[in-house]
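Observations on the model geometry
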Amino acid sequence: MFGLLLIAIVVVLVFFAIGSYNRLVSLKNQVQNAWKQIDVQLKRRHDLIPNLINTVRGAMNFEKGTLEAVVTARNSAIAAASTGSVPATAAAETQLTGALSRLLAVVEAYPDLKATGNVAQLQEELTATENKIGFARQLYNDTATQYNTAQQTFPTMLFAGIAGAAQVPLWEITEETERAVPQVDLSLGPPAK
Amino acid sequence: MASDAGNSNLFAQQEANRKASRRLVAGFIIFIAWLGFGGDIIWYLWSSSNASARASEGLPYAGIHIIPGLGMTLLLIAGVMAWWGYRFGATSLVHATGATEIIEPSTDAERRLVNVVDEMTIAAGVARPRIWLIPDRAPNAFATGVHLGDAHIAVTQGLLDSCTREELQAVVAHEMGHVANLDVRLMTLLTALIGVVALVHNAAFRWMRFGGGPRIGGRFRSRDNKGAGILVVVLLVVWLVSWVIAPLVTRYMATKVGRSREFLADAMSAQFTRNPGALADALEKIGSSTDKPVAIARSSAQLCIVDPFHSVWGDREGRFADLMATHPPLRERVARLRAMAYQADAGSQIGVPATAPVLTPAQS
């Protein structure tokens with residue numbers, strides 16, 4: 001009788017162990033997937049920018065400086081990505097985001113501009129691209145939090161070692177300067193109509 | 001993938017709603033089982049006591065009802081209808097509205113919609129659903145689909161025309177919430193089960209009226225049936241009453257599940273966009289629209305984000321309104337979302353923006 005009870009307890013524990021192990025492995029893979037998703041969106045932005053800039057070059061000739069800044073930042077971001085260094089990539093991507101936000105602010109400041117050429121499409125595509133990068137980071141943070149929590153909460157934490165689970169860092173802003181609202185200088189453009 | 005990190009109001013609400021829905025679905029299944037197998041049990045009790053009564057009087061043997069034919073038939077019909085709903089329900093609902101699928105966007109508004117759905121797909125971590133456009137001036141949206149890989153989101157032209165990008169994002173996120181939760185599968189299944197009960201209910205009452213009734217009554221009054229007993233009669237009465245109120249009960253359960261699921265989808269929209277205020281604005285805009293819906297059928301009303309027919313029960317509160325309305329009161333939904341928004345704003349004191357780092361035209 002006692003033997004049967006012991007066997008039952010062991011069976012339950014084994015099921016627990018299998019379930020926890022599988023859950024940890026599945027969460028780890030989701031975290032990796034979400035991390036790579038950010039890279040996918042960043043690369044998509046790199047590929048999109050040249051065509052977008054070309055379609056609006058005619059309409060936004062007076063803002064050549066802003067457009068060139070975007071192209072330069074995009075090229076540096078690609079160069080940084082090819083070196084493989086994470087801090088350099090992060091810095092370059094931040095520069096690119098800054099250049100794009102200045103471009104969008106310019107479009108926003110001249111309402112007549114939206115009606116010319118493909119500027120409205122440009123605005124939409126850039127907004128969508130920035131949003132996707134933002135949501136990809138959000139998804140990464142959500143899945144990373146889920147993974148970290150699973151490793152720390154009671155039943156699953158016992159099997160974290162066996163599953164090879166480690167705490168993963170969240171995507172966060174490391175430079176205080178990034179938290180400042182980007183300053184946009186419109187003084188060199190033509191006066192608004 | 002909905003996160004389980006349960007330290008904010010948002011995620012706790014989701015968990016509470018999930019539990020409530022599970023309980024309701026369990027109750028529904030038990031009720032259907034009682035309707036089917038209850039009848040079999042009564043029949044068995046009656047026939048076995050009848051057989052022993054006849055045996056003790058030396059009369060010829062009468063059969064005992066062992067095989068639960070009634071319960072099995074009911075389950076079989078329910079199974080077939082559920083299978084049909086599972087397999088064909090989603091696309092048939094979309095086609096019924098006359099929607100056209102957006103494969104390649106042809107206008108700026110469609111381009112915006114496709115982009116917004118892509119964004120929400122990333123935020124939700126699910127596969128991208130198929131996008132449909134309904135030719136209707138009244139703003140509304142719904143989602144159908146039974147598999148995560150085969151979902152559909154349909155929005156009306158009126159929604160595209162009247163909402164800002166942020167509001168559109170919030171509405172799409174609400175529908176993605178339904179998809180991610182497999183709410184659509186749940187609602188399809190429940191609709192099929194309600195159909196079963198209505199069908200058999202009608203058939204049973206037709207049979208009662210045209211000759212079944214007197215036969216049952218006759219058997220209970222026959223002299224052979226001394227051993228029937230009070231138990232069987234009581235059970236029979238309770239079972240018959242269940243059948244009479246069955247359509248009302250099943251409808252109540254379905255709307256109850258539907259209502260709590262709407263709150264859950266609102267919370268998930270807030271989770272995906274991190275912007276509950278946008279959904280509150282969108283709901284108010286949709287709720288106050290005066291356009292009459294032309295494309296959405298009354299039977300699909302419960303799938304929409306806001307009741308397209310602005311049922312008078314939709315705004316009332318209390319038990320009777322719960323029975324009749326397909327959606328929770330708009331006022332309460334907006335209030336809960338605004339409460340969430342204050343919650344989200346509290347986070348911004350730490351220095352991290354309350355909303356995801358996006359650039360939207362409306363915000364600059």
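The structure displayed is predicted, hence computed values, not measured ones.

**Regarding the overall build of chain A**
Counting its regular elements, chain A contains 6 helices and 0 strands. Overall, chain A shows an N-to-C arrangement of helices and strands of α-α-α-α-α-α. For chain A, with 193 residues in total, the buried portion stands at 30%. Put simply, of all contacts in chain A between residues at least 6 apart along the chain, 74% involve residues at least 24 apart.

**Observations concerning the overall build of chain B**
If you tally the helices and strands in chain B, you get 11 helices and 4 strands. Here chain B, with 364 residues, has 39% of them falling under the buried criterion. Restricting to contacts in chain B with at least 6 residues of sequence separation, those with at least 24 account for 72%.

**Comments concerning the confidence of the model for chain A**
Counting all residues, the mean pLDDT for chain A is 84, and 89% of those residues have values of 70 or more. The lowest-confidence element of chain A is helix H6 (residues 160-163) of chain A, averaging 83 in pLDDT; the highest-confidence one is helix H4 (residues 119-152) of chain A, averaging 90.

**What about the confidence of the model for chain B?**
Residues and elements named next belong to chain B. A residue-level look at chain B finds 69% of positions with pLDDT of 70 or above and a mean pLDDT of 75. Low pLDDT, under 50, characterises residues 360-364; the stretch is placed with 13 contacts to residues that sit more than four places away or in other chains. The complex model carries a pTM of 0.74, and its ipTM stands at 0.80.

**Focus on the pairing of strand S2 (residues 130-134) of chain B**
Residue and element names in this part refer to chain B. Counting buried positions along S2 gives 4 out of 5 residues, so the element sits mostly inside the fold. Bridge analysis of strand S1 (residues 100-101) against S2 gives 2 bridges, and the strand direction is antiparallel. When the bridges of S2 are listed, Thr100 appears paired with Leu133. Judged from the 5 bridges that link them, S2 and strand S4 (residues 151-156) form a sheet pairing that is parallel. Looking at S4, one finds that Trp132 is bridged to Ala154.

**As for the environment of B:Gln169**
Residues and elements named next belong to chain B. Looking at the secondary structure, you find Gln169 in helix H5 (residues 165-180). A residue is classified by how many C-beta atoms lie within 10 Å of it, and Gln169, with 29 of them, is buried. Distance from Gln169 to Ala282, taken between C-alpha atoms, is 9.6 Å for residues 113 residues apart in sequence. Among residues more than four places away in sequence, those in contact with Gln169 are Val116, Glu119, Met120, Thr273 and Ala278.

**Here we look at the environment of A:Lys132**
Of note, A:Lys132 is situated in helix H4. When the C-alpha atoms of A:Lys132 and A:Ala88 are compared, they prove to be 21 Å apart, with 44 residues separating the residues in sequence. For A:Lys132, the contacting residues outside a window of four places in its chain are A:Gln41, B:Asp118, B:Glu119 and B:Ile122.

**Some points on unusual backbone geometry**
Residue and element names in this part refer to chain B. One non-glycine residue, Arg274, adopts positive backbone phi at about 55°. On the secondary structure map, Arg274 appears in the loop between helix H7 (229-273) and helix H8 (276-287). Taking the C-beta count within 10 Å as the criterion, Arg274 has 20 such neighbours and is therefore assigned buried.

**Here we look at the nonpolar core**
Considering soluble globular proteins, one finds that nonpolar side chains tend to be buried as a cluster. Core analysis: the biggest nonpolar cluster contains 69 residues, and B:Met120, B:Ile153, B:Ala154, B:Val171 and B:Val172 have the highest contact counts within it. In contact with B:Ala154, not counting residues within four places along its chain, are B:Val94, B:Thr97, B:Ala99, B:Trp132, B:Ile134, B:Ala141 and B:Phe142. Listed in part, the 19 residues of the second largest apolar core include A:Leu52, A:Ala73, A:Val106 and A:Leu113.

**Quick look at the sheet that holds strand S3 (residues 141-145) of chain B**
All names here are of chain B. Taking strand neighbours across the sheet as the criterion, the 4 strands line up as S1-S2-S4-S3 in an open arrangement whose pairing is mixed. Each edge of the open sheet is held by one strand with a lone partner, namely S1 and S3. Across the face of the sheet, helix H3 (residues 108-124) comes into contact with S2 and S4 while running at roughly 145° to S2. The sheet contacts of H5 involve S3 and S4, and relative to S3 the element is tilted by about 25°.

**Examining helix H2 (residues 64-83) of chain A**
Residues and elements named next belong to chain A. With 20 residues, H2 ought to run about 28 Å at 1.5 Å a step, and its terminal C-alpha atoms sit 29 Å apart, in line with that. For H2, the full list of buried residues reads Thr66, Val70, Ala73, Arg74, Ala77 and Ala80. Buried residues in H2, looked at end-on, bunch into an arc of 130°, giving them a common side. Seen from the buried face of H2, the exposed residues on the opposite side, beyond 90 degrees, are Lys64, Gly65, Glu68, Ala79, Ser82 and Thr83. Check the buried side of H2 and you find it contacts helix H1 (2-56) and helix H3 (86-109). Phi turns positive, to about 85°, at Gly84, one or two residues after H2.

**A short note on the packing of H3(A) against H4(A)**
Axis angle and axis distance: for two packed helices, these are the angle between their axes and the distance between the axes, and together they describe the pair. Residue and element names in this part refer to chain A. The contact between H3 and H4 brings their axes to 11 Å, and the two run at 140°. Put simply, H3 runs oblique to H4. Note that H3 runs across H4; the crossing there is left-handed. Between H3 and H4, the residues in contact are Leu100, Leu104 and Val107 and Val119, Gln123, Leu126 and Glu130, respectively. Classifying every residue of the contact of H3 with H4 by side-chain character gives 5 nonpolar, 1 polar and 1 charged.

**Observations regarding the packing of H5(B) against H8(B)**
Residues and elements named next belong to chain B. Taken N-terminus to C-terminus, the directions of H5 and H8 make an angle of 90°; their axes are 8 Å apart at the nearest point. The pairing of H5 with H8 is recorded here as roughly perpendicular in orientation. Taken together, the residues of H8 that come into contact with H5 (itself represented by Glu166, Glu167, Gln169, Ala170, Val171 and His174) are Ala278, Leu279, Asp281, Ala282 and Lys285. A per-class count over the contact of H5 with H8 returns 5 nonpolar, 2 polar and 4 charged.

Here is what the cut-offs are and how they apply
Residues numbered from 1 in each chain as written. Chains lettered and ligands numbered in written order. Predicted model: local features only at pLDDT ≥ 70, side-chain atom pairs only at ≥ 80, totals over all residues. Helix = DSSP H or I, 4+ residues; strand = E, 2+ residues; numbered from the N terminus. Buried ≥ 20, exposed ≤ 12 C-beta atoms within 10 Å, placed from the backbone. Contact = placed C-beta atoms within 7 Å. pLDDT = per-residue confidence, 0-100. Pairing = 2+ DSSP bridges. Core = buried A, V, L, I, M, F, W, Y, C linked by C-beta atoms within 7 Å. Axes fitted to C-alpha atoms, helices over the stretch in contact; angles between N-to-C directions. Expected span 1.5 Å × (residues − 1). Arc of directions from axis to C-beta. Parallel < 35°, antiparallel > 145°, perpendicular 65-115°, else oblique. Left-handed = near helix turned anticlockwise from the far one by under 90°. Nonpolar A, V, L, I, M, F, W, Y, C, P; charged D, E, K, R; others polar.

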